[in-house]
Amino acid sequence: MKISTQKIAFIAMMSAFCVIGRLGMLALPNVQPITVVVIWMTLELGWGYGVSIGILSILISNLLISMGPWTLYQMVSFTLVCGCASLLRPLWRKRQQFPRLAWILFPIFAGLMGYLYGFIISIFWVFSMSGLNFWIYYLNGVLFDTYHAIGNVVFWILLIPLFEKLNPFKMLQK
């Protein structure tokens, strides 16, 4: 990714949107738009953009909410979510050929990434704290992962059509 002022400004703008969205949704546990925006950025512009926005969003919002070892776990989780999204990038580019499939597949994918995110966070927590049983710890958090997954599906359905109409990518893809 070649760095330019436009790209830095775009990453900052999308990160600010994610931070505001996360802070605005604090009353609902694990429901926030960061995951959907990170997936969408990865699908549209590539892994570097998604990871940059995910890491920056987590750093800034955790500075405002609370910073701790989970900040690193969240950054790694978003990096892996971006890796999974980059695998679907070729299919994303063909979504106009299969619009019904895209309307079903990508919201479901966003929901599944909510579960992956929580699974990765659980792995880190269990390995960083001795005496925890992974499956007991993970299963206790599945409800919150479900909130994340449902939130991702809803955010995908609401935000992505709006973002697609705004189409901010033409200047970045030169």
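Relevant structure appears above.
Our subject in this report is the structure included herewith. (Residues numbered from 1 in each chain as written. Predicted model: local features only at pLDDT ≥ 70, side-chain atom pairs only at ≥ 80, totals over all residues. Heavy atoms only, no water.)

### Examining a nonpolar patch on the surface
Together, Leu23, Leu26, Leu56, Leu59, Ile60, Leu63, Leu64, Ile65 and Met67 line one region of the surface with nonpolar side chains, adding up to about 760 Å² of accessible area. In terms of residues, the nonpolar patch owes the most to one element, helix 3 (residues 47-65), which gives six residues. Looking at the secondary structure, you find Leu59 in helix 3. (Patch = residues over 30% accessible without salt bridge, like charges linked within 9 Å, V, L, I, M, F, W, Y side chains within 5 Å. Areas by Shrake-Rupley, 256 points an atom, 1.4 Å probe, with all protein chains shown as cover. Salt bridge = Lys/Arg side-chain N within 4 Å of Asp/Glu carboxyl O. Helix = DSSP H or I, 4+ residues; strand = E, 2+ residues; numbered from the N terminus.)

### Points about unusual backbone geometry
Backbone geometry places Asn30, a non-glycine residue, at a positive phi of 65°. Within the element layout of this structure, Asn30 appears in the loop between helix 1 (5-24) and helix 2 (34-45).

### Concerning the environment of Leu91
For Leu91, the position within the fold is in helix 5 (residues 89-93). On the basis of relative accessibility, which here comes to 30%, the residue Leu91 falls in the partly exposed class. Separated by 48 residues in the primary sequence, Leu91 and Leu43 have C-alpha atoms spaced 9.1 Å apart. (Buried < 20%, exposed > 50% of the residue type's maximum accessible area, 1.4 Å probe, protein only.)

### Description of helix 3
Because each turn of an α-helix spans 3.6 residues, side chains separated by three or four positions end up pointing in the same direction. In this model helix 3 runs 26 Å from its N-terminal to its C-terminal C-alpha over 19 residues, within 8% of the 27 Å that 1.5 Å per residue would give. Turning to helix 3, its buried residues are Tyr49, Gly50, Val51, Ile53, Gly54, Ser57, Ile58, Ser61 and Asn62. Tucked inside the fold, the buried residues of helix 3 contact helix 1, helix 2 and helix 4 (69-87). (Expected span 1.5 Å × (residues − 1). Contact = heavy atoms within 4.5 Å.)

### Quick word on the pattern of salt bridges
Per the counting criterion, the structure on display carries two salt bridges. Taking the shortest distance from any N to any O, the salt bridge between Glu44 and Arg95 comes out at 3.2 Å. Residue Glu44 is found in helix 2, and its partner Arg95 is found in the loop between helix 5 and helix 6 (99-128); the two are separated by 51 residues along the sequence. When sorted by exposure, Glu44 lands in the same class as Arg95, which is buried. One salt bridge connects Glu164 with Arg95, and the closest N-O pair in it is separated by 3.2 Å. A residue pair is termed long-range when its members are at least 10 positions apart, and Glu164 in helix 8 (residues 142-166) and Arg95 in the loop between helix 5 and helix 6 qualify at 69 residues. According to the relative accessible area criterion, Glu164 is partly exposed, its value standing at 29%. For Arg95, a relative accessible area of 16% gives the class buried. Salt bridges here are not isolated pairs; linked through shared partners, they connect Glu44, Arg95 and Glu164.

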